[in-house]
Amino acid sequence: MKKVKILTIALAILLVTLIAFGGVYIQTQNRMENKVKDYELGRELKSQRVIELKIKESSSDSENSSSDESKDADSSEEKEKSEETTDTELTEKDYENAQKVMEKRLKALGAQDYTISLDKENGTVRVELAENDNVDMYIYYLYASQKITIKDTDSKDILLNDEMIKGAKYSYTSDSKGAYQVYEEIELTKDGQAKLNELLNDYALLATDVTEIENAKKASESESTKTESTSEENTESTSEKNTESTENTDEQNTESTETQSTTEETSSNSEITKKTAKLYVNDTTYDISKIEKGKITVKIGASSSNTTSVNNNISKAAEIAMLENAGKLPADYEVDTNRYEYSSITQKEIIYFAIVMIAILVITLLVYCVIYKKSGILASISFVGFVASFSLLIRYTNVAISIEGISAIIIVMIINLIINREILSKTKKMNLVNEAVKSTYKNIYLKLIPVGILTIVFCLSKWESLSSFGMIMFWGLVLTAIYNVIVTRTLLNLKENK
């Protein structure tokens, strides 16, 4: 019976090993596909995307000149502004600031495995990113521009510019019907708060006030057109009846209509005393719902219970907050180069390194088998299962393997070999597996406390290399503690109970 149990455990370890290193192939669309998840490799081991961003040159070509004078004037003003910023105002500090802004954006997006370098002579920024599903999104947001302004509704003059904005954050609320409304809260600087207080004296900013004023303007315009049409009808009808009486009646009618129109205009003008202004994010207008304590709350989209529209509004609000909090780029950038680079470490070199490591492990396990005989054989079988389980654990915990991560894998293997050796040596002396496991865990894991603390620190690091090392070490230490108690101890106990 004991032999059957040992054989069952050994076959289970063999099955896990075949799955980990051989795979599980299933036919899908006339081809065999391995359903076992592959390793996630860092850019040092797999590939990377190299992007170079340069300052956009101001184009002075007049080939695409439009017929509208207003458009030409606006485009000329924009060109003059861009020429001033690119030619005269940009300094080395501006280049460094642009690099910091791009790095903040990558951190906010959750990118980890990247490097940023700067050419201080011309401001070109070189970014190296790991090739994954999010790399195109990272590239877009590296140089994406965003300007939040408040403009006069009629003249489109900028009343409050983006430099007066300190930061932004988003939130959302729900009502009793399950509809969600997304908000963007824009915080102003001291200058922005002072400017906002000035604007509130002359401008209506809240969406409710703006709509009231616009409706009042439309109503006054429609009433004025009605009075004009009625006055014309009255003058025409009276002129047909009597030429003599028309003079008196016309004077009375015109005086009455004039007095009515003047009173209506004065009443409407008294109601419409303020101008209107709206908030723009680039070229898109958003309704202002609340203004208090130097903060402007803006509605992002309409209230909705549709999950798709709500998620779109939240993503838009998160995008606005991320770009605003990361800082402003001193100039407009464009992609100069965007190329795919393979790792300098080839796949053959990785395979050769793996073969060397496997050879060292095989020799070590053979030594255990010679020294500890049957116990050594069972411990070696258990170790093979540990390696296979560790391989699957790394894959399905989505840990990116870097060069530092490979060193963590080696350290975990060494720790597990040391634990197995201690257990085997103690069982050889006392023939009590449970006591040997307890004393071994007590001695070794007390010594590993500093290693565990460093592992947790590395796991929380935002640097991909340290994070890879920390995560692999963490899962390796956890698996070592659990696996040896469940599998290795069980096999050795079955051998001792024969």
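Preceding block: the structure.
Residues numbered from 1 in each chain as written. Predicted model: local features only at pLDDT ≥ 70, side-chain atom pairs only at ≥ 80, totals over all residues. Heavy atoms only, no water.

**Regarding the overall build of the protein**
Counting its regular elements, the protein contains 13 helices and 17 strands. Counting every position in the protein, which comprises 498 residues, the buried fraction comes to 35%. Nonlocal contacts in the protein, meaning residues at least 24 apart in sequence, comprise 73% of its contacts between residues at least 6 apart. Per element, the accessible surface of the protein, about 29900 Å² overall, is 53% carbon and sulfur. (Helix = DSSP H or I, 4+ residues; strand = E, 2+ residues; numbered from the N terminus. Buried < 20%, exposed > 50% of the residue type's maximum accessible area, 1.4 Å probe, protein only. Contact = heavy atoms within 4.5 Å. Areas by Shrake-Rupley, 256 points an atom, 1.4 Å probe, with all protein chains shown as cover.)

**Describing the nonpolar core**
By size, the foremost hydrophobic cluster in this structure holds 39 residues, and its most contacted members are Phe383, Phe386, Phe390 and Ile472. Contributions of two or more residues to this core are made by helix 1 (2–21), helix 9 (347–396), helix 10 (403–430), helix 11 (433–447) and helix 13 (464–496). By residue number, the principal contributor to this core is helix 9, which donates 11 residues. Beyond its immediate sequence surroundings of up to four residues, phenylalanine 383 is in contact with Leu361, Leu365, Met413, Asn416, Leu417 and Asn420. Membership of the second largest hydrophobic core comes to 27 residues, among which are Leu159, Val182, Ile320 and Ala321. (Core = buried A, V, L, I, M, F, W, Y, C linked by side-chain atoms within 4.5 Å.)

**Quick word on the environment of lysine 495**
Here lysine 495 is to be found in helix 13. Separated by 120 residues in the primary sequence, lysine 495 and serine 375 place their C-alpha atoms 7.3 Å from one another.

**Overview of the side chain of aspartate 162**
Relative to the helices and strands, aspartate 162 is located in the loop between strand 8 (158–160) and strand 9 (165–174). Despite being buried, aspartate 162 has no salt bridge partner; lysine 328 is the closest side chain of opposite charge, sitting 4.1 Å away. Within the local environment of aspartate 162, its side chain forms a polar contact with the backbone nitrogen of isoleucine 148, the two atoms lying 3.0 Å apart. In this view, aspartate 162 contacts Gln146, Lys147, Ile148, Thr149, Glu324 and Lys328; residues no more than four positions away in its chain are not counted. (Lys, Arg positive; Asp, Glu negative; His and termini not counted. Salt bridge = Lys/Arg side-chain N within 4 Å of Asp/Glu carboxyl O. Polar contact = N/O pair within 3.5 Å; in protein donor to acceptor, adjacent residues only side chain to side chain.)

**Points about the sheet that holds strand 16 (residues 333–342)**
Taken in spatial order, the 4 strands make up an open sheet running 5-6-4-16, and their pairing is antiparallel. Strand pairing shows two members of the sheet lacking a second neighbour, strand 5 (114–118) and strand 16, which therefore form its edges. Neighbour to neighbour, the strand axes of the sheet diverge by 15° on average, direction disregarded. As defined by bridge partners, strand 5 adjoins strand 6 (residues 125–130) across 5 bridges and the pair is classed as antiparallel. Residue pairing for strand 6: threonine 115 is matched across the bridge by glutamate 128. (Pairing = 2+ DSSP bridges. Axes fitted to C-alpha atoms, helices over the stretch in contact; angles between N-to-C directions.)

**Quick word on unusual backbone geometry**
If you check the backbone angles, asparagine 282 has positive phi at about 60° while not being a glycine. Within the secondary structure, asparagine 282 sits in the loop between strand 12 (275–281) and strand 13 (284–286).

Keep in mind these numbers describe shape, not what the thing actually does.
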